[in-house]
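Coordinate inspection notes
What follows is the residue order along each chain.
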Amino acid sequence: MKRFLLVIVGCLALLAGVLVFNTSRSMNRVAVRDGGKVAAVTVDSAGAIARFAKALTYPTISWDPGTQPVDSAAFRGLQAHLAESFPLVHKTLKHEVINHLSLLYTWPGTDPTRAPVVLMGHQDVVPVIPGTESQWQQQPFSGAVKDGFVWGRGALDDKLTVLATLEAIETLIRDGYKPRHTVYLAFGHDEEIGGEQGAQVLRDTLVARGLKEAALVLDEGGAIADGAMLGVTGKVALIGVSEKGFLSLELTMKGKGGHSSTPPPHTAIGQIASVIEKIEAAPFPATLDGPTRWMLDAVAPTMPFGKRLAMANLWLFGPLVEKAMLAQPQSAAMLRTTTAVTMVSGGVKTNVLPIDAKAVVNFRIRPGETMASVTDRVRGIVNDTNVAIRDLGFHTEPSPVSDREGAGFKALAKSVREEFGASGVTVAPYLVIGGTDARYWSGRSTQTFRFMGAPIEADGMTRVHGTNERAPLGSYVSSVRYLVRLVRNTDEIP
Ligand SMILES: [Zn+2]
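This part takes up the overall build of the chain. Along the chain, the regular secondary structure elements total 15 helices and 15 strands. Seen through its C-alpha atoms, the chain measures out along the principal axes to roughly 80 × 80 × 50 Å. Considering the chain as a whole, with its 494 residues, one finds that 43% of them fall into the buried category. Restricting to contacts in the chain with at least 6 residues of sequence separation, those with at least 24 account for 81%.

Ranked by size, the top nonpolar core spans 103 residues in total, and within it Val 150, Ile 239, Val 299 and Tyr 476 carry the most contacts. When residues of this core are assigned to domains, at least three fall in each of domain 1 (45-242 + 399-492) and domain 2 (245-391). Contact partners of Tyr 476, with chain neighbours within four places excluded, come to Ile 49, Phe 52, Val 150, Leu 160, Ala 164, Ala 454 and Ala 471. Leu 247, Val 361, Ile 365 and Val 374 belong to the second-largest nonpolar core, a separate cluster that totals 14 residues.

What follows covers the pairing of strand 2 (residues 102-107). When a strand is regular, its side chains alternate between the sheet's two faces. Burial of strand 2 is extensive: five of the six residues sit out of reach of the surface. When strand 1 (residues 94-98) meets strand 2, the two strands line up antiparallel, connected through five bridges. Residue His 95 lies in a different strand from strand 2, and its bridge partner there is Tyr 105. The hairpin formed by strand 1 and strand 2 contains three residues between the paired strands, and Asn 99 there has a positive phi angle of roughly 50 degrees. Taken together, the five bridges between strand 2 and strand 6 (residues 183-188) define a ladder with antiparallel strand orientation. Counterpart to Leu 103 in the pairing with strand 6 is Phe 187.

What follows concerns the packing of helix 2 (residues 45-55) against helix 5 (residues 159-174). Two quantities define a packed helix pair, namely the angle between the axes and the distance from one axis to the other. Orientation of helix 2 relative to helix 5, taken along the N-to-C sense of each, is 140 degrees, at an axis distance of 10 Å. In terms of orientation, helix 2 lies oblique with respect to helix 5. Where helix 2 crosses over helix 5, the handedness of that crossing is right-handed. Together, Ala 48, Arg 51, Phe 52 and Ala 55 of helix 2 and Lys 159, Leu 163 and Glu 167 of helix 5 make up the contact between the two elements.

In this section: the domain arrangement of the chain. When the domains of the chain are assigned, the result is domain 1 (45-242 + 399-492) and domain 2 (245-391). Across the boundary between the two partners, domain 1 contributes 19 residues, which contact 15 residues of domain 2. Those elements giving two or more residues to the side of domain 1 that touches domain 2 turn out to be strand 8 (235-243) and strand 13 (425-432). Here the side of domain 1 that touches domain 2 gets six residues from one element, more than from any other, and that element is strand 13. In terms of residue class, the side of domain 1 that touches domain 2 is made up of 11 nonpolar, seven polar and one charged.

Here we come to the sheet that holds strand 12 (residues 387-391). The pairing of strands in a sheet comes from backbone hydrogen bonds and takes either a parallel or an antiparallel form. Sheet architecture is open: four strands sit in the order 10-11-9-12, paired in antiparallel fashion. Here the strands that pair on one side only, and so sit at the sheet edges, are strand 10 (338-346) and strand 12. Pairs of neighbouring strands in the sheet enclose a mean axial angle of 20 degrees, with direction left out of account. The pairing of strand 9 (residues 245-254) with strand 12 spans five bridges and is antiparallel. Directly across from Glu 250, in strand 12, lies its bridge partner Arg 390.

The next subject is the sheet that holds strand 4 (residues 145-146). Here three strands make up an open sheet; going across it, the order is 4-5-15 and the pairing antiparallel. Of all the strands in the sheet, the pair left with one neighbour each is strand 4 and strand 15 (470-472). As defined by bridge partners, strand 4 adjoins strand 5 (residues 149-151) across two bridges and the pair is classed as antiparallel. If you follow Val 145 over to strand 5, its bridge partner there is Val 150.

Where helix 2 contacts helix 15 (residues 473-489), the two axes come as close as 10 Å, and the packing angle between them is 105 degrees. By the angle class used here, helix 2 and helix 15 are roughly perpendicular. Side by side, helix 2 and helix 15 meet where Ser 45, Ala 48, Ile 49 and Phe 52 of the first sit next to Leu 473, Tyr 476, Val 477 and Val 480 of the second. Taken together, the residues of the contact of helix 2 with helix 15 break down into seven nonpolar, one polar and no charged.

What counts, and where the lines are drawn
Within every chain, residues take consecutive numbers counted from 1 along the sequence as written. Residue-level local features of this predicted model are given only where pLDDT is at least 70; pairs of side-chain atoms are given and counted only at 80 or more, and the full residue set underlies all totals for whole chains, interfaces and linings. Secondary structure elements follow DSSP: runs of H or I of four or more residues count as helices, runs of E of two or more count as strands, with numbering from the N terminus. With C-beta atoms placed from the backbone, the exposure class of a residue follows from how many other C-beta atoms lie within 10 Å of its own: 20 or more, buried; 12 or fewer, exposed; in between, partly exposed. For the purpose of contact definition, each residue receives a C-beta atom placed from its backbone, and two residues are in contact when these atoms lie within 7 Å. Only buried residues count toward a nonpolar core: Ala, Val, Leu, Ile, Met, Phe, Trp, Tyr and Cys, linked into one set through C-beta atoms within 7 Å. In this entry, domain limits derive from an automatic or database-based domain assignment. Two strands form a pair only when DSSP identifies at least two bridges running between them. Note on geometry: axes are lines fitted to C-alpha atoms, helical ones only across the stretch in contact, with angles between N-to-C directions running from 0 to 180 degrees. Angles below 35 degrees are treated as roughly parallel, those above 145 as roughly antiparallel, those between 65 and 115 as roughly perpendicular, and all remaining angles as oblique. Take the far helix as your reference; a near helix turned counterclockwise from it by less than a right angle gives a left-handed crossing, and one turned clockwise gives a right-handed crossing. Lys, Arg, Asp and Glu make up the charged group, whereas Ala, Val, Leu, Ile, Met, Phe, Trp, Tyr, Cys and Pro make up the nonpolar group; the residues left over, Gly among them, are polar.

Here it is in structure tokens:
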């Protein structure tokens, strides 16, 4: 009995030792982040903010196809404003309008043997949600600069990126810099409705001109967020290394129709309701791997001891961490393919049995699964030959996962640390749960990333596509400086 107790105590001591060892190892990784001397970057802050604010006055709205015509004059107004605001860019770079409204700038590199760098952004914005106009503290297309913010639709998504990129290039030309890689600026005009006319045509244009592979592709996606949302101290630079796929399936239950005075026990509507119940009862499996695992590994060292202990020992605490993440829709979406029943219809008259009933289910597919594997799984769950399952067409596979060890990622991380301070910000790869134009490029570069180098407010993501979209003035100026650093740091990419 005594020996048995000794074995138990020994095992516990060993376990404690392993847990603490792993935890301290994760702690040591913090110290690896180097500081070093960083060159100053001088930006014309007041001018930059004025140019950015004015860009928000052009209502370059992407309406859902078939609802309202594109306001070409708004796009041309924005483009005239860009030409006037950035004279050195327009004198030094070749600039073209592609497919009516998209913009392509070419800055030839000094070393033509190197693969090019592609900096993306989109000129279009989403409409203001009808009925919310009066809730805006500043009019959404006024470009107001007030209380330390630039206000308006596009202030975060995505005119910030377009303007900051041009401002950075203007600054670099002013300072006499010449890039080693050829740099393309590719600004689409329809990201908010899928990007097929903009980003896709821009990519096809460059591929037709001979582009085989890009050294780095950078688009919107992550940002510099308050670490509190991940339970860590300081700021976290979330760099998107992949984005989820998108699939909508329509499920149609066939009924018999007839008079409602002689109904069967379940009409087509009742039957589709039970199909919906089955689908919701069988969520996709969650796994703590890939980009989400990398994100946790990156932020773990800055967590308080208890959480760090769990993160450093996921072999033991993985199920607990998973459970905690699944409790919040935002973090749950990073672990699994999500299921959302978004539409339901059936029946035409109060006293007529429905001849069919339909439901639409939207899936956001995580890397590792495919549109085909999702459809197969749904077919298996439904398991009913009376239900027709149809892909509604607008769909994409999850993007390949970019290489977080590559030279492009390193250039991004270095630029973030230079601008925002090595001790103040943790760089973390992550999975983008929405969609961006970058997906058109993921087959052309293993260094395709989704990241806006600007600190956002804690509630910033609710302002994107919502009301009172705004960017802190300091965030805008530091994002310009960050982009200046990034372009300089691309010289180190082979
Ligand atoms: Zn966007």
